[in-house]
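Survey of secondary and tertiary structure
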Amino acid sequence: MAYPGPERAPDAAPAREARPDDGLLTVRAAEGDEEAFAVLVREHAPALVGLATRLLGDRTEAEDAVQDAFISAWRRLPEFRRHSSFGTWMYRIVTNRCLNVLRARRPVTSLEAAGEFAAPEHDSPERVTEARDAVRGMRRALDDLSAEQRACWVLRELDGHSYEFIAETVGISQDAVRARVFRARRCLTRALGAWR
């Protein structure tokens, strides 16, 4: 008969397998440990895809940008000096990759990227139409922002990052971040004023 192990109190949480911290995983990955890098990818990819999706407005483009960013990071890991965390470094790489995509876009982006707005069944057809128009208006307003304004606004307003973090991620001063966020807020408020 097998020994069942020590009894645990019914409300005690099961033991979690300890995972090395990002610093150790980054060192191992820089030395060529593919499994360590795979753990970093699994840990950070969901948040990075979310960021890229908010910046680009398209999930497929976002996944491609994040994949490219991880490929770039794998190649550049030996150069990583660890002045910041691996996560902050990846945010910077993904943000810059998304900025490049945004800058390369034509001024007008397809509204199909906004997707359909699912309204509750009890809403009237007029309310559903208004809500869809508001979503499209928001998408157009975001598309009208410069790439840097959009990145700063998304990182501040949607992701809740500090000005210091955004400045480090985007590679500009904190004052420049504040100015871009202010201008983005002003543009969005003006563009969406009809929907208030």
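What counts and how
- Residues numbered from 1 in each chain as written.
- Predicted model: local features only at pLDDT ≥ 70, side-chain atom pairs only at ≥ 80, totals over all residues.
- Heavy atoms only, no water.
- Helix = DSSP H or I, 4+ residues; strand = E, 2+ residues; numbered from the N terminus.
- Buried < 20%, exposed > 50% of the residue type's maximum accessible area, 1.4 Å probe, protein only.
- Contact = heavy atoms within 4.5 Å.
- Areas by Shrake-Rupley, 256 points an atom, 1.4 Å probe, with all protein chains shown as cover.
- Salt bridge = Lys/Arg side-chain N within 4 Å of Asp/Glu carboxyl O.
- Axes fitted to C-alpha atoms, helices over the stretch in contact; angles between N-to-C directions.
- Parallel < 35°, antiparallel > 145°, perpendicular 65-115°, else oblique.
- Left-handed = near helix turned anticlockwise from the far one by under 90°.
- Nonpolar A, V, L, I, M, F, W, Y, C, P; charged D, E, K, R; others polar.
- pLDDT = per-residue confidence, 0-100.

**Observations concerning the overall build of the protein**
- The secondary structure content of the protein amounts to eight helices and zero strands.
- Going residue by residue from the N terminus, the α and β elements of the protein occur as α-α-α-α-α-α-α-α.
- Relative to its 196 residues, the protein shows a buried fraction of 36%.
- Restricting the contact set of the protein to residue pairs at least 6 apart, pairs at least 24 apart contribute 63%.
- Element-wise, carbon and sulfur atoms account for 50% of the exposed surface of the protein, whose accessible area totals about 12,300 Å².

**A few points about the pattern of salt bridges**
- Under the criterion given, the structure shown has six salt bridges.
- Residues Arg-42 and Glu-35 are paired through a salt bridge, measuring 3.4 Å at the closest nitrogen-oxygen approach. Exposure class is identical for Arg-42 and Glu-35. Each is exposed.
- Asp-159 is the partner of Arg-54 in a salt bridge, and the nearest nitrogen-oxygen pair spans 2.5 Å. Pair noted here: Arg-54 is in helix H2 (residues 34-56) and Asp-159 is in the loop between helix H6 (147-158) and helix H7 (163-170), with a separation of 105 residues, a long-range link.
- A residue is classified by how much of its surface remains accessible, and Arg-54, at 30% relative accessible area, is partly exposed.

**Overview of H7**
- Most of H7 is tucked away: six of the eight residues are buried.
- Of the residues making up H7, those classed as buried are Tyr-163, Phe-165, Ile-166, Ala-167, Thr-169 and Val-170.
- Gly-171 sits one or two residues past H7 and shows a positive phi near 85°.

**Regarding the packing of H2 against H6**
- In the contact formed by H2 and H6, the axes pass within 9 Å of each other and the chain directions differ by 130°. Between H2 and H6, the interaxial angle falls into the category oblique. The handedness of the crossing between H2 and H6 comes out as right-handed. Every residue of H6 that contacts H2 at Leu-51, Arg-54, Leu-55 and Leu-56 is listed here: Arg-150, Ala-151, Val-154, Leu-155 and Leu-158.
- For the contact of H2 with H6, the class distribution of residues is seven nonpolar, no polar and two charged.

**Examining the confidence of the model for the protein**
- For the protein, per-residue confidence averages 79 on the pLDDT scale, and 79% of positions sit at 70 or higher.
- Taken element by element, the predicted model of the protein shows its lowest mean pLDDT in helix H5 (residues 125-144) (75) and its highest in helix H3 (residues 59-76) (94).
- Low pLDDT, under 50, characterises residues 1-16; the predicted model gives this stretch two contacts beyond four residues in sequence or across chains.
- Across residues 108-117, confidence stays below pLDDT 50; counting only partners more than four residues off in sequence or on other chains, it has 13 contacts.

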